[in-house]
Amino acid sequence: QVQLVESGGGLVQAGDSLRLSCAASGRTFREYAMGWFRQAPGKEREFVAAISRGGGSIKYADSVKGRFTISRDNTMNTVYLQMNSLKPEDTAVYYCAGRVYFSATTSYSDYTYWGQGTQVTVSA
């Protein structure tokens, strides 16, 4: 089992950058594929990015491709989401999630463990 804690959210202007971090407890972080999802008010939770156990396989939502970068540091038990060229439509609560499988997937139902979320607000 793993506990996940996100940090790094905040209020920024369009075009700015933020880096989200998700710190995982437990010794088995390297056994989890990790994902980032987001949920805006009144909308469904949506996939943002995912990374496999070893980091060799990465997936992005089309809406963030080229602007966001997911990475992980298994020695630090942390997964990151670097967000550049932020847009107002990126405003949401961002959640990190883990699944005890090798592969990175895009469906939130594939993930077992979730953090509490961190708010990202992008003003125009």
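Predicted, not measured: the structure shown is a model, and the values here were computed from it. (Residues numbered from 1 in each chain as written. Predicted model: local features only at pLDDT ≥ 70, side-chain atom pairs only at ≥ 80, totals over all residues. Heavy atoms only, no water.)

Enquirer: Describe the environment of T78, naming the residues involved and giving the relevant values.
Expert: As for its position among the elements, T78 is in strand β8 (residues 78-83). Given a relative accessible area of 9%, T78 falls into the buried group. When the C-alpha atoms of T78 and R30 are compared, they prove to be 9.7 Å apart, with 48 residues separating the residues in sequence. (Helix = DSSP H or I, 4+ residues; strand = E, 2+ residues; numbered from the N terminus. Buried < 20%, exposed > 50% of the residue type's maximum accessible area, 1.4 Å probe, protein only.)

Enquirer: Any chance you could break down the pattern of salt bridges for me, citing the residues and the numbers?
Expert: For the structure on display, the rule yields four salt bridges. A salt bridge links D62 to K65, with the nearest nitrogen and oxygen atoms 3.1 Å apart. Just as D62 is exposed, K65 falls in that class too. The closest approach of N and O atoms between R67 and D90, which form a salt bridge, is 2.7 Å. Here the residue R67 occupies a position in the loop between β6 (58-60) and β7 (68-73), and D90 occupies one in the loop between β8 and β9 (92-99), the gap between them amounting to 23 residues. (Salt bridge = Lys/Arg side-chain N within 4 Å of Asp/Glu carboxyl O.)

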